[in-house]
Amino acid sequence: MFQPLTLMLGLRYAGARGRRSFASFVSGFSTVGILLGVTALILVSAVMNGFEQQLKDRMLGVIPHVLVTQESRRLADPAAQAARFDGHPQVRASAPFIRAEAMLQGPGHLTGAELYGVVPQTPADALLHSLDPRTREYFEYLPYGLVLGSGLARSLGVGPGDEVRVTVTEGSRFTPLGRVPSQRVFTVVGTFSTGNDVDGQVALARLEDAARLLRYGEGEASGLRLWLEDPFALAQLPALPEGLVYDSWQQSRGELFQAVAMEKRLMSLMLALIILVAAFNILSAMVMVVTDKEAEIAMLQTLGLSRPKVMAVFMIQGGFSGVLGSLLGFALGLLLSTNLDAVLNVLGINFYSSAGGSQLPVLLLPGQLLTILLSTLVLCVLASLYPAWRASRVQPAEALRYE
């Protein structure tokens, strides 16, 4: 009984029932549409964020964030360059690194791969520390040991203990018979799996073994590998002197992340159209309500209800559907996102990732959730603006002429 008049009338019109309830039906249908749109947008965004974060963690844990090298792709003294980045807030660690294109030959199979020469004792190398202890021990102490991606090992048909011939053209030499590529037999000591295409492309060898294969000089490497606190903050790295260049992950794998980001934006746009259609349904329902209630609006005006208050009444009515749908959809989206695997199990849907997992990655970003909620609320309020303005322009004399 202590409600403001505009709020009371707005809520009463929002829940109006009776013989002429078609407008209320359209309004309720719009509320359900907004609820489903917000729910789907939150759910799909959370899953896409999870996949993107999983891709970043797994892929950027294998490939170098940044490689400091020269134009010739050889760095004479990587240790001397490491002092340049000591104490830099973005550089977490550094180590010499070798990268080369290679041909790997197994029993009856031959395929190309990227050969990475790494320092096994590097604490920042998450991939090496993810290997089982026996594989890591063999890789650290066994000369000419090789760790293959799981896809690459399947392609070659090899496993731990098998021998693989590694051939590279970079260390080739000229002989009386012509140019002969450098090659060496390595022993497979284990495999790794990241759940993406890196598994079929990368082979890891110890730095000194890769240097001998490529005939690098003492202390020479392809470059200095840098681990960054934020792999996307490449612009914050210090400038290099002439002759040195940055070779970043964006140059080799940036297209994949751009494709994922574009797919996420397009999916969000498609789902946002559901909310937009529901908002237009609110507009059309309110226009019908205003047309149907012209006589009541005119009587309210004759009783002293001002035009701004009439507009406020119908803004409340239209906003009620949008606010109710947005809040319910927001709550349902959060509930489904945090319990997605349980919901899929109840529905009998089993998901198996390429990395062997059985859970969908879900990542809820507070800023993104707030943007979805506020954008939906603003859109619903804007959809009720024109019908409310039209209600405030009703002329009492004309509306009540035949009453």
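Residues numbered from 1 in each chain as written. Predicted model: local features only at pLDDT ≥ 70, side-chain atom pairs only at ≥ 80, totals over all residues. Heavy atoms only, no water.

### What to know about the nonpolar core
For step 1, the next point in the chain: Core analysis: the biggest nonpolar cluster contains 35 residues, and Phe192, Leu204 and Leu226 have the highest contact counts within it.
For step 2, the next point in the chain: When residues no more than four places from it in sequence are discounted, the contact partners of Leu226 are His65, Val66, Val68, Phe85, Val91, Ala93, Ser94 and Tyr246.
For step 3, the next point in the chain: Listed in part, the 27 residues of the second largest apolar core include Ala100, Leu146, Phe186 and Tyr216. (Core = buried A, V, L, I, M, F, W, Y, C linked by side-chain atoms within 4.5 Å. Buried < 20%, exposed > 50% of the residue type's maximum accessible area, 1.4 Å probe, protein only. Contact = heavy atoms within 4.5 Å.)

### Section: the pairing of strand β2 (residues 91-106)
For step 1, the next point in the chain: Note: β2 against strand β8 (residues 223-228), six bridges, orientation antiparallel. Residue Val91 lies in a different strand from β8, and its bridge partner there is Leu228.
For step 2, the next point in the chain: Taken together, the nine bridges between β2 and strand β3 (residues 109-118) define a ladder with antiparallel strand orientation. In the strand pairing of β3, Ala102 is matched with Ala113.
For step 3, the next point in the chain: Connecting β2 to the antiparallel partner β3 that follows it, the hairpin turn spans two residues, and Gly108 within it adopts a positive phi of roughly 85°. (Pairing = 2+ DSSP bridges. Helix = DSSP H or I, 4+ residues; strand = E, 2+ residues; numbered from the N terminus.)

### Quick word on the packing of helix α12 (residues 366-383) against helix α13 (residues 385-392)
For step 1, the next point in the chain: For the pair α12 and α13, interaxial distance at closest approach is 4 Å and the crossing angle is 30°. With respect to their mutual orientation, α12 and α13 come out roughly parallel. On α13, the residues that touch Val381, Leu382 and Ala383 of α12 are Leu385, Tyr386 and Pro387.
For step 2, the next point in the chain: When grouped by side-chain class, the residues that make up the contact of α12 with α13 number six nonpolar, no polar and no charged. (Axes fitted to C-alpha atoms, helices over the stretch in contact; angles between N-to-C directions. Parallel < 35°, antiparallel > 145°, perpendicular 65-115°, else oblique. Nonpolar A, V, L, I, M, F, W, Y, C, P; charged D, E, K, R; others polar.)

### Quick word on the packing of aromatic side chains
For step 1, the next point in the chain: Per the counting criterion, the structure on display carries four aromatic pairs.
For step 2, the next point in the chain: For the cation-ring pair, Arg184 lies above Tyr144, with the distance from its terminal atom to the ring centre recorded as 3.9 Å. (Phe/Tyr/Trp six-rings, centres within 6.5 Å; stacked < 30°, edge-to-face > 60°. Lys NZ or Arg CZ within 6 Å of the ring centre and 35° of its normal.)

### Details of helix α5 (residues 133-141)
For step 1, the next point in the chain: Along α5, the residues that are buried comprise Thr135, Phe139 and Glu140. Angularly, the buried residues of α5 cover 130° about the axis, an arc narrow enough to put them on a single face. Residues of α5 that are exposed and point over 90 degrees away from its buried face: Pro133, Arg134 and Tyr141. (Arc of directions from axis to C-beta.)

### Topic: empty space enclosed by the protein
For step 1, the next point in the chain: By the definition in use, this model includes two cavities of 30 Å³ or more.
For step 2, the next point in the chain: As for the second largest cavity, its lining consists of Ala95, Pro96, Phe97, Val118, Val119, Thr122, Asp125, Arg225 and Trp227.
For step 3, the next point in the chain: Among the secondary structure elements, those contributing two or more residues to the lining of the second largest cavity are β2 and β8.
For step 4, the next point in the chain: When residues in the lining of the second largest cavity are grouped by element, the largest group, three residues, is from β2.
For step 5, the next point in the chain: When its residues are assigned to classes, the lining of the second largest cavity shows six nonpolar, one polar and two charged. (1 Å grid on protein atoms, 1.4 Å probe; cavity = no way out; pocket = protein on both sides within 12 Å on 5 of 7 lines; lining within 4 Å. Points joined across faces, edges and corners; volume = space filled by probe spheres on them.)

### A closer look at the pairing of strand β1 (residues 66-70)
For step 1, the next point in the chain: Buried residues dominate β1, accounting for four of its five residues.
For step 2, the next point in the chain: With three bridges joining them, β1 and β8 adopt antiparallel strand pairing. Counted as the bridge partner of Val66 is Leu226 from β8.
For step 3, the next point in the chain: Both β1 and strand β9 (residues 244-248) contribute to a ladder of five bridges, which runs antiparallel. Along β9, the bridge assignment pairs Thr69 with Val245.

### Description of the pattern of salt bridges
For step 1, the next point in the chain: Under the definition given, this model contains six salt bridges.
For step 2, the next point in the chain: Among the ionic pairs, Arg206 bridges to Glu208, the shortest N-O distance being 3.5 Å.
For step 3, the next point in the chain: What makes Glu208 partly exposed here is its relative accessible area of 35%.
For step 4, the next point in the chain: A salt bridge links Arg206 to Asp209, with the nearest nitrogen and oxygen atoms 3.0 Å apart. (Salt bridge = Lys/Arg side-chain N within 4 Å of Asp/Glu carboxyl O.)

### Looking at unusual backbone geometry
For step 1, the next point in the chain: In this structure, Tyr144 takes a positive phi of about 55° despite not being glycine.
For step 2, the next point in the chain: Mapped onto the secondary structure, Tyr144 falls in the loop between α5 and β4 (145-149).
For step 3, the next point in the chain: Accessibility expressed as a relative area gives 14% for Tyr144, which makes it buried.
For step 4, the next point in the chain: A positive phi angle is found at Arg215, which is not glycine, with a value near 60°.
For step 5, the next point in the chain: Inspection of the secondary structure assignment puts Arg215 in the loop between α7 (207-214) and β8.
For step 6, the next point in the chain: The exposure class assigned to Arg215 is partly exposed, which follows from its relative accessible area of 37%.

### Focus: the environment of Arg136
For step 1, the next point in the chain: Along the polypeptide, Arg136 turns up in helix α5.
For step 2, the next point in the chain: Residue Arg136 is classed as partly exposed on the basis of its relative accessible area, which comes to 26%.
For step 3, the next point in the chain: A sequence separation of 16 residues divides Arg136 from Pro120, and the C-alpha atoms of the two residues are 7.9 Å apart.
For step 4, the next point in the chain: In contact with Arg136, other than residues within four places in its own chain, are Leu128, His129 and Leu131.

### Observations concerning the confidence of the model for the protein chain
Any region with low pLDDT has predicted coordinates that should not be read closely.
For step 1, the next point in the chain: Here the protein chain shows a mean pLDDT of 79. Residues at 70 or above account for 86%.
For step 2, the next point in the chain: Per-residue pLDDT stays below 50 along residues 354-358; that stretch engages in 10 contacts with residues further than four places along the chain or on separate chains. (pLDDT = per-residue confidence, 0-100.)

### Focus on the side chain of Thr135
For step 1, the next point in the chain: By the secondary structure assignment, Thr135 is in helix α5.
For step 2, the next point in the chain: Residue classification places Thr135 among the buried residues on the basis of a relative accessible area of 6%.
For step 3, the next point in the chain: Those residues in contact with Thr135 that sit more than four places away from it in its chain are Val147, Val189 and Gly190.

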